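One-letter residues, chain by chain:
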Amino acid sequence: MVLVTGAAHGIGRACAGRLAAEGARVVVADLDGGEANEVALRLPGDGHRAVALDVTKPESVDEAFQTVGGEGLDVLVNVAGGDTQHGSFEDTGDEVWHQMIQLNLIGVVRCCRAAIPHLRRRSRAAIVNVGSINAHTSLGSEPYSAAKAGVVSLTTNLALSLGPGHIRVNGVAPGTIRTRVWDDQEGGADRLQPLYPLGRVGEPDDIAAAVAFLASDDAAWITGHTLPVDGGFLTNH
Ligand SMILES: NC(=O)c1ccc[n+]([C@@H]2O[C@H](COP(=O)([O-])OP(=O)(O)OC[C@H]3O[C@@H](n4cnc5c(N)ncnc54)[C@H](O)[C@@H]3O)[C@@H](O)[C@H]2O)c1
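Residues numbered from 1 in each chain as written. Predicted model: local features only at pLDDT ≥ 70, side-chain atom pairs only at ≥ 80, totals over all residues. Heavy atoms only, no water.

**What to know about the sheet that holds strand β6 (residues 167-174)**
Piece 1. A sheet is described by the order of its strands in space; here seven strands give the open sequence β3-β2-β1-β4-β5-β6-β7, paired in parallel fashion. Sheet topology places β3 (49-52) and β7 (226-229) at the edges, where each strand pairs with a single neighbour. Ignoring which end each strand starts from, the neighbouring axes of this sheet average 20° apart.
Piece 2. Sheet strands in contact with helix α1 (residues 10-21) are β1 (2-5), β2 (26-30), β4 (75-78) and β6, and its direction is about 165° off that of β1. (Pairing = 2+ DSSP bridges. Helix = DSSP H or I, 4+ residues; strand = E, 2+ residues; numbered from the N terminus. Axes fitted to C-alpha atoms, helices over the stretch in contact; angles between N-to-C directions. Contact = heavy atoms within 4.5 Å.)

Put into structure tokens, the structure is as follows:
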């Protein structure tokens, strides 16, 4: 069984769809429980379910993993996250920093911690963390970028400590991906297309393909890495 956080929309929904199409039973875990139910119902194959989950709330994470963990968790995909509107670095107070670190870093920490006892029971298991190119270059948005950089460090550290237990831990760092987060920005995601050597911004399926690979046995000897999936953006940034 695979649990995908943030799976009701965007990249997480694409990951759930891809993994289900490859034969996995998927738990669609999201703050938006109503839409998570809809997504789970529409996935190809059988045995999928939805669970309401707020990664910023310890009790919500514990409850969600207790509910599904007994069913045999093989893979955790951490997608839930996102940026928020705020001013310049000097004008951004602790509240925004706490909010971004809670959602994008501690949320991942919590889900890993809750999943690991279940993953340890499998002969092999995997965690895939969705970060961002923001962790690898300077694009502003310091609280979000620093939180995502923390996920890169968490990924390498957990890969080391969990390797002997046959749990692989990898990450994917997306460039600009066409999801609803760009809808209210003038020109949408396509405004950034000139920054991409491959001539387009990314689609959620581009990320889902990389996540599915890192979660699969094809990546059986890969751990501790964060793979940029960015249309070449980081080649010149
Ligand atoms: N879209 C991009 O250009 C882009 C680029 C780089 C990285 N990312 C990362 O990819 C991930 C998904 O982004 P997206 O563009 O698909 O966004 P999205 O808003 O479409 O999807 C995010 C999902 O996470 C859920 N979510 C939000 N807060 C949550 C919480 N506290 N607990 C549980 N679920 C929660 C939302 O309900 C939603 O279903 C995020 O981590 C984001 O930082 C996105």
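**Some remarks on the packing of aromatic side chains**
Piece 1. Within the structure shown, the criterion is met by two aromatic pairs.
Piece 2. When the centroid spacing of 6.4 Å and the interplanar angle of 90° are considered together, the rings of F89 and W97 count as edge-to-face.
Piece 3. Residue classification places F89 among the partly exposed positions, given a relative accessible area of 49%.
Piece 4. Seen in terms of ring centroids, Y196 and F233 are 5.3 Å apart; in terms of plane orientation they differ by 40°. Their pairing is tilted. In this pair, Y196 is assigned in the loop between β6 and α6 (204-215) and F233 in the segment after β7, connecting sequence segments 37 residues apart. (Phe/Tyr/Trp six-rings, centres within 6.5 Å; stacked < 30°, edge-to-face > 60°. Buried < 20%, exposed > 50% of the residue type's maximum accessible area, 1.4 Å probe, protein only.)

**Side note on the pairing of β3**
Piece 1. Pairing of β2 with β3, which is carried by four bridges, proceeds in the parallel orientation. Looking at β3, one finds that V28 is bridged to A50.
Piece 2. In this fold, β2 hands off to helix α2 (residues 33-42), which returns the chain to β3; that crossover is right-handed. (Right-handed = clockwise from strand over helix to strand, strands pointing away.)

**As for the site of the ligand**
Piece 1. Contacts to the ligand come from 29 residues, most closely from D30, V79, Y144, I177 and T179.
Piece 2. At 2.9 Å from a nitrogen atom of the ligand is found a side-chain nitrogen or oxygen belonging to D54.
Piece 3. Among the secondary structure elements, those contributing two or more residues to the shell around the ligand are α1 and α5 (142-162). (Near = heavy atom within 4 Å. Polar contact = N/O pair within 3.5 Å; in protein donor to acceptor, adjacent residues only side chain to side chain.)

**Description of the pairing of β7**
Two faces, one strand: in a regular strand the side chains alternate between the faces of the sheet.
Piece 1. Taken together, the four bridges between β6 and β7 define a ladder with parallel strand orientation. Along β7, the bridge assignment pairs A173 with P228.
Piece 2. A crossover connection joins β6 to the parallel β7 through α6; in handedness this β-α-β unit is left-handed.

**Re the nonpolar core**
Piece 1. Within the largest apolar cluster, 35 residues are counted, with the highest numbers of intra-cluster contacts made by V4, L19, V26, V28, V77, V172 and V211.
Piece 2. Contributions of two or more residues to this core are made by β1, α1, β2, α2, β4, β5 (125-130) and α6.
Piece 3. Among the elements that take part in this core, α6 stands out by supplying seven residues, more than any other.
Piece 4. If we skip the residues at most four places from it in the chain, V4 touches G12, C15, A16, L19, V26, V27, V28, A29, V77 and V79.
Piece 5. Grouped together as the second largest cluster of nonpolar side chains are 31 residues, L3, V27, F65 and A159 included. (Core = buried A, V, L, I, M, F, W, Y, C linked by side-chain atoms within 4.5 Å.)

**Quick look at α1**
Piece 1. Look at α1: 17 Å from first C-alpha to last across twelve residues, which is about the 16 Å you get at 1.5 Å a residue.
Piece 2. For α1, the full list of buried residues reads G10, I11, G12, A14, C15, A16, L19 and A20.
Piece 3. On its buried face, α1 sits against β1, β2, β4, β6 and α6.
Piece 4. Note on α1: the residue one or two positions beyond its end, G23, has a positive phi of about 105°. (Expected span 1.5 Å × (residues − 1).)

**Looking at the packing of α1 against α6**
The relative placement of two packed helices comes down to the angle between their axes together with the axis-to-axis distance.
Piece 1. Close contact between α1 and α6 brings their axes to 8 Å; oriented N to C, the two are set at 50°. When the axis of α1 is compared with that of α6, the two are oblique. In this structure, α1 crosses over α6, and the sense of that crossing is right-handed. Facing G10, I11, A14, C15, R18 and L19 of α1, the residues of α6 in contact are P204, D205, I207, A208, A209, V211, A212 and A215.
Piece 2. By residue class, the composition of the contact of α1 with α6 is eleven nonpolar, one polar and two charged. (Parallel < 35°, antiparallel > 145°, perpendicular 65-115°, else oblique. Left-handed = near helix turned anticlockwise from the far one by under 90°. Nonpolar A, V, L, I, M, F, W, Y, C, P; charged D, E, K, R; others polar.)

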